[in-house]
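# Structural features, examined
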Amino acid sequence: MIAYLGRIVDDNDAESKLDDDVSSLSKSLDLQGSIENGDVSSLASKDFGGLYSVKPLFLIKPSGAEDISRVVKLASRTSNLTVAARGNGHSINGQAMAEGGLVIDMRSTEKNHFEFLPINGSHYIDVSGGALWEDVLTRCVSRYGYAPRSWTDYLSLTVGGTLSNAGVSGQAFRYGPQTSNVTELEVVTGKGEITVCSETLNSELFFGVLGGLGQFGVITRARIKLQQAPDMVGISVKWIRVVYSEFEEFTRDAEFLVTQKEGESFDYVEGFVFCNNDDPFNGWPSVPLDPGHEFNPTHISQTAGSVLYCLEVAFHYRNSDHPTVDTAVNGLLGRLRFVEGLKSQVDVSYTKFLLRVNRAEEQVKSNGTCDGPHPWLNLFVSKSDVVNFDRTVFKTMLKDGVGGPMLIYPLLRSKWDDRTSVVLPEGEIFYIVALLRFVPNGPSVEKLVAQNREIVNWCIKVGLDFKLYLPHYQSKEDWERHFGNRWSRFVERKASFDPMAILAPGQNIFRRDPSNIITSREF
């Protein structure tokens, strides 16, 4: 079978025969799951970004970790096959693709694990790496009244996918990213070994995989920290947006809120930039939470610039707390310097709040906007450089908007674990910036990709302290700059857990060379 695979890889004429050999390959591997021809499956050849399209050799739908282990070991016995784990396909730059290789559809494993675990007075949930966060939310809350502490804005992402990057949202200032809220993993390494790891057991693999961009292993199970959820019956979240005309006042208030003690601030803090005009996607209409509430621009000063800023917060409560909720919320809002008369508020259920982006996605899908390419750009920018970033990028380069949200809000470095593979700007406070474009097919896509490159090149040229989030680079030199003094550690982990560079080829960090095994000495 290995010889057969070698012929397929080297012989283009063999492509027409692939369908006939899928079953024999499956039997040879003794898989409990299934295999599909890479030609007939569009699932593995594209992603949410819509910027890349490459053809894999096969799409594997494993039944569990044992199947994944067999696939990785098979690849290791060939000279050039690679393996990519694909979650729900929400990558932007082809990170979960494997041209001419094997793509593992992790969604086929989503129901493998779901166990509620009370341990020493704390509560956890063991879930599959292929499970969607929205399903974890629904099942945890409905069965046990508990929920994970840290989320992403969009919940139709897999557990393994977000843990391989970081997983951030408006709760991260308090609880850290999702990588700070997992205590144990089961991982299939690039050697095909099924390994359980934690802070105290196989710790180098545990911290390497968290934020490791899929380079060291495929996450097949994760143990997630839980907390008691707000009441599920009725209303339990006050969701509020307030507007600023000055960036410095916006950042002052956002930083004030994220640095307060638990119980003395909101439970969720985010923000975004919008255009000072009536553009339906980029301007005033994008701000109100209540459809019956219109944005009144007469409250905006005549001296305001081309863009404005919205601080978005949420306060969670249980029904028994209701009499004191308004007092607490009004007390916090009274300490902020937003523009009077431009506050928007709705009261919603906890699950409805957490699934807010999923509902917005349904709306854009209905008009076809979601089907086009998504040339997104995500960055972490240090507090020391964020004013300069605003002045040049938001107020100049992007003054007309990006056809989608332009998120910006502060995070706290102390809530992140430096032992993971994630790299961050220096300083306690840094900002996430997310330019979430929704554009139709056409030449405009190339222009927006070029604009992303222009922004990144400007950050490098002026010496901004920044890092790409969900990074994607084309050269070893770029990756070395990205990781900085953490690069040698990253290479050492690769040499330990995937020395043949089999995993996650779409990240374009390491290339599989049949004549070479990665060692830390080479770098």
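Residues numbered from 1 in each chain as written. Predicted model: local features only at pLDDT ≥ 70, side-chain atom pairs only at ≥ 80, totals over all residues. Heavy atoms only, no water.

Let me state the cut-off plainly: UniProt positions are given in the numbering used here, feature names are shortened, and annotations may be inferred rather than shown by experiment.
Per an unreviewed UniProt entry, the protein chain carries the name cytokinin dehydrogenase and comes from Gossypium australe. Under the Sequence similarities (unreviewed entry) heading, UniProt states for the protein chain: "Belongs to the oxygen-dependent FAD-linked oxidoreductase family."

## Observations concerning the packing of aromatic side chains
Put simply, the rule reads: Here a pair means two rings of Phe, Tyr or Trp (six-membered ring of Trp) with centres within 6.5 Å. Their orientation is stacked below 30 degrees between planes, edge-to-face above 60, and tilted elsewhere. By definition, any uninterrupted DSSP run of H or I lasting at least four residues is a helix, any uninterrupted run of E lasting at least two residues is a strand, and each is numbered from the N terminus. Relative accessibility under 20% of the residue-type maximum defines a buried residue, over 50% an exposed one, and the middle range a partly exposed one, all with a 1.4 Å probe and only protein chains included.
Counted according to the given criterion, the structure contains 30 aromatic pairs. For the pair Phe247 and Tyr309, a centre-to-centre distance of 5.2 Å together with 55 degrees between the ring planes defines the contact as tilted. On the criterion of sequence distance, the pair formed by Phe247 in helix α8 (residues 247-258) and Tyr309 in strand β13 (residues 307-316) is long-range, its members being 62 residues apart. Taken as a pair, Phe247 and Tyr309 share a single burial class, namely buried. Ring plane angle 85 degrees and centroid distance 5.2 Å describe the contact between Tyr473 and Trp479, whose orientation is recorded as edge-to-face. Under the relative-accessibility criterion, Trp479 is labelled buried at 0%. An aromatic cluster is defined as three or more aromatic residues linked by ring pairs; in this entry it consists of Phe216, Tyr473, Trp479, Phe483, Trp487, Phe490 and Phe510.

## A word on the UniProt feature "domain: FAD-binding PCMH-type" (unreviewed entry) in the protein chain
On the UniProt side, "domain: FAD-binding PCMH-type" (unreviewed entry) is annotated at positions that read residues 52-229 here. With 22% helix and 30% strand, residues 52-229 has its two end C-alpha atoms placed 40 Å apart.

## Side note on the packing of α8 against helix α12 (residues 383-397)
Rules: For helices, the fitted line uses only the C-alpha atoms of the stretch in contact; every axis is such a line through C-alpha atoms, and the angle between N-to-C directions lies from 0 to 180 degrees. Any angle that is under 35 degrees is reported as roughly parallel, and any over 145 degrees as roughly antiparallel; angles of 65 to 115 degrees are reported as roughly perpendicular and all others as oblique. Handedness of a crossing is defined here by the sense of rotation of the near helix relative to the far one, left-handed for an anticlockwise turn of less than a right angle and right-handed for a clockwise turn. For this analysis, residues touch if any pair of their heavy atoms sits within 4.5 Å.
α12 packs onto α8 with a crossing angle of 140 degrees between their chain directions and a minimal axis gap of 11 Å. Taken together, the axes of α8 and α12 are oblique relative to one another. Note that α8 runs across α12; the crossing there is right-handed. Residues Phe247, Glu248 and Glu255 of α8 pack against Lys383, Val386, Val387, Asp390 and Lys395 of α12.

## Here's the deal with the sheet that holds strand β12 (residues 268-275)
Selection criterion: In this analysis, strands are considered paired if DSSP registers two or more bridges between them.
On the basis of which strands lie adjacent, the open sheet formed by eight strands has the order β14-β11-β13-β12-β16-β17-β15-β18 and antiparallel pairing. Edge positions in the sheet fall to β14 (343-348) and β18 (466-468), since each has one partner strand and no second. Averaged over all pairs of adjacent strands, the angle between strand axes in this sheet comes to 20 degrees, irrespective of strand direction. In terms of strand pairing, strand β11 (residues 237-244) meets β14 through six bridges, oriented antiparallel. Counterpart to Ile240 in the pairing with β14 is Gln345. Of the strands in this sheet, β12, β13, β15 (377-382), β16 (406-412) and β17 (429-435) touch α12, which is tilted by about 135 degrees from β15.

## Some words on the domain arrangement of the protein chain
Here is the rule: Each domain's extent was defined by an automatic or database domain assignment. Each of two parts loses accessible area, computed with a 1.4 Å probe, when they are put together; buried area is these two losses added. Whenever Lys or Arg places a side-chain nitrogen within 4 Å of a carboxyl oxygen from Asp or Glu, that contact is recorded as a salt bridge. Residue polarity follows a fixed list, in which Ala, Val, Leu, Ile, Met, Phe, Trp, Tyr, Cys and Pro are nonpolar, Asp, Glu, Lys and Arg are charged, and the others, Gly among them, are polar.
Under the domain assignment used here, the protein chain contains domain 1 (114-228) and domain 2 (235-468). Between the C-alpha centres of domain 1 and domain 2 there is a distance of 25 Å. Contacts between the two partners involve 31 residues from domain 1 and, on the opposite side, 34 residues from domain 2. It is Asp153, Phe173 and Arg174 in domain 1 that bury the most area against domain 2; as a group they hold 30% of the surface buried on that side. Connecting domain 1 to domain 2 are three salt bridges. Between Asp267 and Arg174 there is a salt bridge, with its nearest N and O atoms 3.0 Å apart. Looking at the side of domain 1 that touches domain 2, the elements with two or more residues in it are α4 (133-144), β7 (146-148), α6 (172-175) and α7 (203-209). If you tally residues by element for the side of domain 1 that touches domain 2, the top one is α6, at four residues. For the side of domain 1 that touches domain 2, a count of residues per class yields 16 nonpolar, 11 polar and four charged.

## Some details on the sheet that holds strand β3 (residues 83-86)
Picture the strands of a sheet paired through backbone hydrogen bonds; they go either parallel or antiparallel. With mixed pairing, four strands are arranged side by side in an open sheet as β1-β2-β4-β3. At either margin of the open sheet sits one strand with a lone partner, and together these are β1 (34-37) and β3. For this sheet, the mean inter-axis angle between neighbouring strands, taken without regard to orientation, is 25 degrees. Pairing between strand β2 (residues 58-61) and strand β4 (residues 102-105): three bridges, direction parallel.

## Quick look at helix α3 (residues 65-76)
Short version of the rule: Given a helix with a known number of residues, its expected span is that number minus one, times 1.5 Å.
With 12 residues, α3 extends 16 Å between its outermost C-alpha atoms, agreeing within 8% with the 16 Å of an ideal straight helix rising 1.5 Å per residue. Within α3 the residues assigned to the buried category are Ala65, Asp67, Ile68, Ser69, Val71, Val72, Leu74 and Ala75.

## Concerning unusual backbone geometry
One non-glycine residue with positive phi stands out, namely Asp30, at about 60 degrees. Among the secondary structure elements, Asp30 is positioned in the loop between α2 (18-29) and β1. Among the residues examined, Asp30 registers a relative accessible area of 47% and is labelled partly exposed. Positive phi is not limited to glycine here, since Ala501 has a value of about 55 degrees. Mapped onto the fold, Ala501 is located in the segment after α15 (487-497). Its relative accessible area of 4% is what places Ala501 among the buried residues.

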